[in-house]
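Close look at the chain arrangement
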Amino acid sequence: MVATVRTVLGDVPAGDLGVCDAHDHLFLRSPLLPGQELADPEDAAQRLGSFAELGGCTVVQWTPYGMGRGAGSLAGLSRSTGVHVVAATGLHQAAHYPPARLAPIRDGLASLFVAELTEGIGSTGVRAGLIKVAGAFHAVDAHARLTMTAAAEAHHRTGAPIAVHLELGSAAGDVLDLLCGELDVAPQRVVLGHLGRSPDGTMQREAARAGAFLAFDGPSRAHHATDWRLPEELAALAEAGFGGQLLLGGDTTVPETPGMPYLLRRLRPRLEKVLGAQVMAAALIDNPARAFAFGPVRDT
């Protein structure tokens, strides 16, 4: 059976993804980022076009429910640029939502996630291809436990991968204990985001040994200790045998983020000098094809 990834234009063979930005945002809105919304389809088209010109083939957008996903624009952008786009369902931290937005959906999160994965996001006809959730700083708080429990149920019902925002790169162990221990999600169906924001090599290797995919995203953010530590972090993981679990993303969250074009124009050649072409091909092509493919559905 051929593994498939669910894009906004439908399911495609995982091997067709090509060069992949494994964590980015074409559209994003949050009360924590007032006046810095990503809400311009023309700008999104320009960024996707620049990414394609540099050899980019797929962008995985981690913008979840209620954060301005631009779902109605994603299919048209994918068609016009020729870039595969994967959309997300799920929920971010509670701070990203007005309380009135969360109250009506709290008791039906798993069903909401399943509907967006299988039927579509609202009336757009666009189906989500992953479930995005978020931990708290060095903890899995009550909101994270609620959303991760719903994400695990939706995963078991659909086979969709789960992508996790780690707050400042922390709490990877707690997240994996919950998702993969208590909630029985296979670790290879989990993508841990923002690991580079906490340059703790011991923690990164522990997460890798657990079997999860490791997303290093958000290039050119000096306050997140990303760019200047990234080559040595990735080299250490690859040398330890975890090159098949590494992912790279641009994580454009505000208009000035260099994002997906920077990922290929500047970061890729720099990392290739340190890691070699084989490890970089795995991080940009082979690993995303496995990380974002749908897995088997559990009988219920």
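Our structure is the block above this text.
For the structure given in this document, a descriptive report is provided here.

1. Looking at the pattern of salt bridges
- Across all of its chains, the model carries eight salt bridges by this definition.
- As a salt-bridge pair, Asp11 and Arg127 come within 3.6 Å of each other at their nearest N and O atoms. Of this pair, Asp11 sits in strand β2 (residues 10-13) while Arg127 sits in the loop between α4 (109-118) and β7 (130-134); the two residues are 116 residues apart in sequence, bridging distant segments of the chain.
- The class for Asp11 is partly exposed, based on a relative accessible area of 38%.
- By relative accessible area, which is 24% here, Arg127 ends up partly exposed.
- Between Glu116 and Arg69 there is a salt bridge, with the nearest N and O atoms lying 2.7 Å from each other. Here Glu116 is found in helix α4, whereas its partner Arg69 is found in the loop between β4 (58-61) and α2 (71-81), with 47 residues between them in sequence. Of the two residues, Glu116 and Arg69, both sit in the buried class.

2. Examining the side chain of Gln245
- Along the polypeptide, Gln245 turns up in the loop between α8 (230-242) and β11 (246-249).
- Here the side chain of Gln245 touches Ala208 through a polar contact of 2.9 Å, landing on its backbone oxygen.

3. Observations concerning the environment of Ala100
- Among the structural elements, Ala100 can be located in helix α3 (residues 99-102).
- Expressed as a C-alpha distance, the spacing of Ala100 and His25, which sit 75 residues apart in the sequence, is 24 Å.

4. Things to note about the sheet that holds strand β6 (residues 88-90)
- Taken together, six strands build an open sheet; the order of strands is β6-β7-β8-β9-β10-β11 and the sheet is parallel. Of all the strands in the sheet, the pair left with one neighbour each is β6 and β11. This sheet shows a mean twist of 30° between the axes of neighbouring strands, independent of strand direction.
- Inspection of the sheet shows β6 paired to β7 by three bridges, in the parallel sense. The partner of Ala88 across the bridge, within β7, is Leu130.
- Each of β8 (162-165) and β9 (190-193) is contacted by helix α6 (residues 172-182), which is oriented at about 160° to β9, the strand it contacts most.
- Set on the sheet, α8 makes contact with β10 (213-217) and β11; between it and β10 the angle comes to about 165°.

5. As for the sheet that holds β4
- Taken in spatial order, the three strands make up an open sheet running β3-β4-β5, and their pairing is parallel. On the outer flanks of this sheet lie β3 (20-24) and β5 (84-86), each paired with one strand and no other. Pairs of neighbouring strands in the sheet enclose a mean axial angle of 15°, with direction left out of account.
- Sheet topology note: the β3/β4 ladder contains three bridges and is parallel. Counterpart to Cys20 in the pairing with β4 is Thr58.

6. Considering unusual backbone geometry
- For Leu168, which is not a glycine, the phi torsion comes out positive at approximately 50°.
- Within the secondary structure, Leu168 is located in the loop between β8 and α6.

7. So, helix α10 (residues 277-291)
- Given a rise of 1.5 Å per residue, 15 residues ought to cover 21 Å, and the 20 Å separating the end C-alpha atoms of α10 matches this to within 8%.
- The sharpest bend along α10 comes to roughly 45°, located at Ala283.
- Regarding α10, the residues found buried are Met280, Ala282, Ala283, Leu284, Asn287, Pro288, Ala289 and Ala291.
- Buried-residue contacts for α10 involve β1 (4-7), β3, β9, β10, β11 and α9 (259-275).

8. Quick notes on the packing of helix α1 (residues 41-53) against α9
- Contact geometry for α1 and α9: axes closest at 8 Å, N-to-C directions at 15°. Classed by the angle they form, the pair α1 and α9 counts as roughly parallel. For the pair α1 and α9, the crossing hand works out as left-handed. Taking contact as the criterion, the partners of Arg47, Leu48, Ser50 and Phe51 in α1 are, on α9, Met260, Pro261 and Leu264.
- Of the residues contributing to the contact of α1 with α9, the split by class is five nonpolar, one polar and one charged.

9. Re the packing of α8 against α9
- The contact between α8 and α9 brings their axes to 10 Å, and the two run at 45°. Classified by the angle their axes make, α8 and α9 are oblique. Remark: the crossing between α8 and α9 carries right-handed chirality. Residue-level contacts link Leu230, Pro231, Leu234 and Ala235 of α8 to Leu267, Arg270, Leu271, Val274 and Leu275 of α9.

10. Some thoughts on the nonpolar core
- If you look at the biggest cluster of nonpolar residues, it comprises 79 residues, and the most contacted ones within it are Ile131, Val164, Leu179, Leu192, Leu214, Phe216 and Leu248.
- Setting aside residues up to four positions removed in sequence, Leu179 forms contacts with Met148, Ile162, Val164, Asp184, Val185 and Val190.
- Residues Val60, Leu130, Phe292 and Ala293 belong to the second largest nonpolar core, which totals 20 residues.

Procedures and definitions
- Residues numbered from 1 in each chain as written.
- Predicted model: local features only at pLDDT ≥ 70, side-chain atom pairs only at ≥ 80, totals over all residues.
- Heavy atoms only, no water.
- Salt bridge = Lys/Arg side-chain N within 4 Å of Asp/Glu carboxyl O.
- Helix = DSSP H or I, 4+ residues; strand = E, 2+ residues; numbered from the N terminus.
- Buried < 20%, exposed > 50% of the residue type's maximum accessible area, 1.4 Å probe, protein only.
- Polar contact = N/O pair within 3.5 Å; in protein donor to acceptor, adjacent residues only side chain to side chain.
- Pairing = 2+ DSSP bridges.
- Axes fitted to C-alpha atoms, helices over the stretch in contact; angles between N-to-C directions.
- Contact = heavy atoms within 4.5 Å.
- Expected span 1.5 Å × (residues − 1).
- Bend = angle between axes of the 7 residues up to and from the residue.
- Parallel < 35°, antiparallel > 145°, perpendicular 65-115°, else oblique.
- Left-handed = near helix turned anticlockwise from the far one by under 90°.
- Nonpolar A, V, L, I, M, F, W, Y, C, P; charged D, E, K, R; others polar.
- Core = buried A, V, L, I, M, F, W, Y, C linked by side-chain atoms within 4.5 Å.

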